[in-house]
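The lines below spell out each chain.
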Amino acid sequence: MPQPAATAPGPGRPRPRWWTELALIAVVYVAYSCGRLLARGDVSTAVDNGLAILRLEQSLHLNAEHPLNRLFTSTPAIGIPADFAYASLHYLVTPAILVWLFRRRPARYRAARTWLMVSTLCGLVGFTLLPTCPPRLLDAGHGFVDTMAQFSAYGWWGGEASAPRGMGGMTNQYAAMPSLHVGWALWCGVMLWKYGRSPLLKALGVAYPLLTVIVVMGTANHYFLDAVAGAAVMGLGLVLTRPSMRLTDRVRELLTGTSAPVKSPIVSGGCETSAGERIPGQRTSPDSADDTPAGGIPGSGAAAGAGKPR
């Protein structure tokens, strides 16, 4: 997967300040959460879309959700940690990677943050256009068990969703397509693989997205195609990252009345030689040779000659 371009801070683009970045991320996340909540859609449409995805997977022999869900349901030692992972890592690992990039890779931070935000907004469009019932909310006859509800006594979530108890009504449970759990995990994995220096970080960059795919299917929160769509949304966000950065730069220039510094086309970078200074090895003309004594100081010969009697 191609990487977003690096944008080193310069005179026209100062290094981001942590408080402005925190405010920006908070605003985008609140807007995303509110938009996700408002994009509920019709329940019957969401159920039809979920069943259509399930039938498509079965026809393509991609239906890994059933065996994984049975494993998680019958084995609490797997199901309970998976529920904790689903309910928490999404909100812990991603901000941690952002902070790590901000502190350790400041030249890469802006492009990485823009990629994440643009992809998240693209996911919101997907929730709006394609409300989808997750496997756990389908009729029990389809063979899925909601592990979050089954093991809710072990965590802070209730039986409705991964939200804290009593707050299930504040989430859109039909925003399953695409899976941003998978999308954000993929973003984290790329950042760790690309910018992590130790083999451990690179290994985590590979393992974390794969583990997330298994968790979202085993807990019956997403279909496999939801995970594929999550990866596709991140790809679209990556394509739109550079145009989005150019657009924000243009808006900033219009608002502040400043423009990015223009590099000088002069090869010498503005350096000039002083009068009489020669490049090493430069040939001299016959006329000037008489005026240059053995010491090599231009003009000193002429001055000395002026003082000699003829």
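Residues numbered from 1 in each chain as written. Predicted model: local features only at pLDDT ≥ 70, side-chain atom pairs only at ≥ 80, totals over all residues. Heavy atoms only, no water.

### Section: the overall build of the protein chain
Scanning the protein chain from N- to C-terminus turns up 11 helices and 0 strands. Helices (α) and strands (β) of the protein chain occur, in sequence order from the N terminus, as α-α-α-α-α-α-α-α-α-α-α. Counting all 310 residues of the protein chain, 38% fall into the buried class. Put simply, 78% of the contacts in the protein chain that link residues at least 6 apart link residues at least 24 apart. (Helix = DSSP H or I, 4+ residues; strand = E, 2+ residues; numbered from the N terminus. Buried < 20%, exposed > 50% of the residue type's maximum accessible area, 1.4 Å probe, protein only. Contact = heavy atoms within 4.5 Å.)

### A closer look at the nonpolar core
Counting residues in each nonpolar core, the largest one holds 27 residues, and the members touching the most others are Ile 97, Trp 100, Leu 101, Trp 115, Trp 187 and Met 191. Elements supplying a minimum of two residues to this core: helix H4 (76-104), helix H5 (106-129), helix H7 (180-195) and helix H9 (224-256). When residues in this core are grouped by element, the largest group, 9 residues, is from H7. With near-sequence residues (within four places) excluded, Trp 100 lies in contact with Arg 105, Met 191, Leu 192, Tyr 195, Gly 196 and Leu 201. (Core = buried A, V, L, I, M, F, W, Y, C linked by side-chain atoms within 4.5 Å.)

### Here we look at helix H2 (residues 43-59)
Compared with the 24 Å implied by 1.5 Å per residue over 17 residues, the 24 Å span of H2 between its first and last C-alpha is a close match. For H2, the complete set of buried residues consists of Ala 46, Asn 49, Gly 50, Leu 51, Ile 53, Leu 54 and Glu 57. Looking at the residues trailing H2, positive phi occurs at His 61, about 60°. (Expected span 1.5 Å × (residues − 1).)

### What to know about the packing of helix H3 (residues 65-74) against H4
Taken N-terminus to C-terminus, the directions of H3 and H4 make an angle of 105°; their axes are 5 Å apart at the nearest point. The angle between H3 and H4 falls in the class roughly perpendicular. Only Pro 76, Ile 78, Gly 79 and Ala 82 of H4 make contact with H3, whose side of the interface consists of Leu 71, Phe 72 and Ser 74. Split by residue class, the contact of H3 with H4 holds 5 nonpolar, 2 polar and no charged. (Axes fitted to C-alpha atoms, helices over the stretch in contact; angles between N-to-C directions. Parallel < 35°, antiparallel > 145°, perpendicular 65-115°, else oblique. Nonpolar A, V, L, I, M, F, W, Y, C, P; charged D, E, K, R; others polar.)

### A word on the environment of Thr 128
Following the sequence through the fold, Thr 128 ends up in helix H5. Take Thr 128: its relative accessible area is 48%, and that puts it in the partly exposed class. Distance from Thr 128 to Tyr 174, taken between C-alpha atoms, is 9.9 Å for residues 46 residues apart in sequence. At 3.0 Å, the side chain of Thr 128 forms a polar contact with the backbone oxygen of Leu 124. (Polar contact = N/O pair within 3.5 Å; in protein donor to acceptor, adjacent residues only side chain to side chain.)

### Points about H7
With 16 residues, H7 should reach 22 Å at 1.5 Å per residue; the first-to-last C-alpha distance of 22 Å fits that figure. Within H7, 13 of the 16 residues are buried, which leaves the element mostly enclosed by the surrounding structure.

### Some words on the packing of H7 against helix H8 (residues 199-218)
In the contact formed by H7 and H8, the axes pass within 7 Å of each other and the chain directions differ by 170°. Comparing their axes, H8 and H7 come out roughly antiparallel. Taking contact as the criterion, the partners of His 181, Val 182, Ala 185, Leu 186, Cys 188, Gly 189, Leu 192, Trp 193 and Lys 194 in H7 are, on H8, Leu 201, Lys 202, Leu 204, Gly 205, Val 206, Tyr 208, Pro 209, Thr 212, Val 213 and Val 216. Among the residues forming the contact of H7 with H8, the class breakdown is 13 nonpolar, 4 polar and 2 charged.

### Considerations on the pattern of salt bridges
All told, the structure shown has 4 salt bridges when counted by the stated rule. In this structure, Arg 110 engages Asp 249 in a salt bridge whose closest nitrogen and oxygen atoms are separated by 2.7 Å. In this pair, Arg 110 sits in helix H5 while Asp 249 sits in helix H9, placing the two residues 139 residues apart along the sequence. Arg 110 gets classed as buried once you look at its relative accessible area, which sits at 8%. (Salt bridge = Lys/Arg side-chain N within 4 Å of Asp/Glu carboxyl O.)

### Description of the environment of Asn 221
Within the secondary structure, Asn 221 is located in the loop between H8 and H9. For Asn 221, a relative accessible area of 6% translates into the label buried. Expressed as a C-alpha distance, the spacing of Asn 221 and Asn 69, which sit 152 residues apart in the sequence, is 9.8 Å. Setting aside residues no more than four positions away along its own chain, Asn 221 makes contact with Tyr 86, Pro 134, Pro 135, Arg 136, Met 148, Ala 176 and Val 216. Side-chain polar atoms of Asn 221 contact the side chain of Arg 136, separated by 2.9 Å.

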